[in-house]
Amino acid sequence: LGKPIVATDVVGTRDMISNRKNGLLAPPGKPQALAARLKEVLDDPAHGAELGACANETIRHHFTKERMLLHTRALYDNLLK
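Residues numbered from 1 in each chain as written. Predicted model: local features only at pLDDT ≥ 70, side-chain atom pairs only at ≥ 80, totals over all residues. Heavy atoms only, no water.

Enquirer: If you had to explain the overall build of the protein chain to someone new, which residues and values would you point to?
Expert: Scanning the protein chain for helices and strands turns up four helices and two strands. When the elements of the protein chain are put in sequence order from the N terminus, they spell out β-α-β-α-α-α. Relative to a compact globule of 81 residues, whose C-alpha radius of gyration would be 12 Å, the protein chain shows 15 Å and is clearly more extended. Taken along its principal axes, the extent of the C-alpha atoms in the protein chain is 50 × 25 × 15 Å. For the protein chain, long-range pairs separated by at least 24 residues make up 42% of all intrachain contacts whose partners lie at least 6 apart in sequence. Roughly 6,000 Å² of accessible area belongs to the protein chain as shown, and the carbon and sulfur atoms make up 60% of that amount. Seen as two clouds, the 12 positive and the 9 negative side-chain charges of the protein chain have centres 4 Å apart. (Helix = DSSP H or I, 4+ residues; strand = E, 2+ residues; numbered from the N terminus. Rg over C-alpha atoms; globule rule 2.2 N^0.38 Å. Contact = heavy atoms within 4.5 Å. Areas by Shrake-Rupley, 256 points an atom, 1.4 Å probe, with all protein chains shown as cover. Lys, Arg positive; Asp, Glu negative; His and termini not counted. Charge placed at Lys NZ, Arg CZ, Asp CG, Glu CD.)

Enquirer: Outline unusual backbone geometry, supporting the account with residue identities and numerical values.
Expert: Unlike most non-glycine residues, arginine 20 shows phi in positive territory, near 70°. With respect to the element layout, arginine 20 can be found in the loop between helix 1 (11-14) and strand 2 (24-26).

Enquirer: Before we move on, can you summarise helix 2 (residues 31-43) with the specific residues and values?
Expert: The terminal C-alpha atoms of helix 2 lie 18 Å apart, and with 13 residues this matches the ideal 18 Å at 1.5 Å per residue to within 8%. Where helix 2 is concerned, the buried positions are Ala33, Arg37 and Val41. For helix 2, the angular spread of buried residues about the axis comes to 85°, placing them on one side. Those residues of helix 2 that are exposed and aimed more than 90 degrees away from the buried face are Pro31, Gln32, Leu42 and Asp43. Lining the buried residues of helix 2 we find strand 1 (6-8), strand 2 and helix 3 (45-62). (Expected span 1.5 Å × (residues − 1). Buried < 20%, exposed > 50% of the residue type's maximum accessible area, 1.4 Å probe, protein only. Arc of directions from axis to C-beta.)

Enquirer: Quick one: what's the story with the packing of helix 2 against helix 3, residue by residue and with numbers?
Expert: The interhelical angle for the contact between helix 2 and helix 3, taken along N-to-C directions, is 105°, at an axis separation of 5 Å. It follows from the interaxial angle that helix 2 and helix 3 lie roughly perpendicular. Taking contact as the criterion, the partners of Glu40, Val41, Leu42 and Asp43 in helix 2 are, on helix 3, Pro45, His47 and Gly48. Looking at the contact of helix 2 with helix 3 residue by residue, the classes come out as three nonpolar, two polar and two charged. (Axes fitted to C-alpha atoms, helices over the stretch in contact; angles between N-to-C directions. Parallel < 35°, antiparallel > 145°, perpendicular 65-115°, else oblique. Nonpolar A, V, L, I, M, F, W, Y, C, P; charged D, E, K, R; others polar.)

The values reported here are purely geometric and, on their own, carry no functional implication.
Here is the structure:
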């Protein structure tokens, strides 16, 4: 936990990561952009640690087991209607 996240900016990832707030996102299909984001974290460990701490807080707040169970239950309830 608490590691900086570097990923491509696609729908599922975008739901969890806000670019430059709790991680770094690169456009899909652009390996040079992804490499640049990775280099950014490696070149500035303090910034990477800050991103990691924010990512950890996001996960701890939005993706608890209880919250995920409630969302899954609501999804199934909705599908069964």
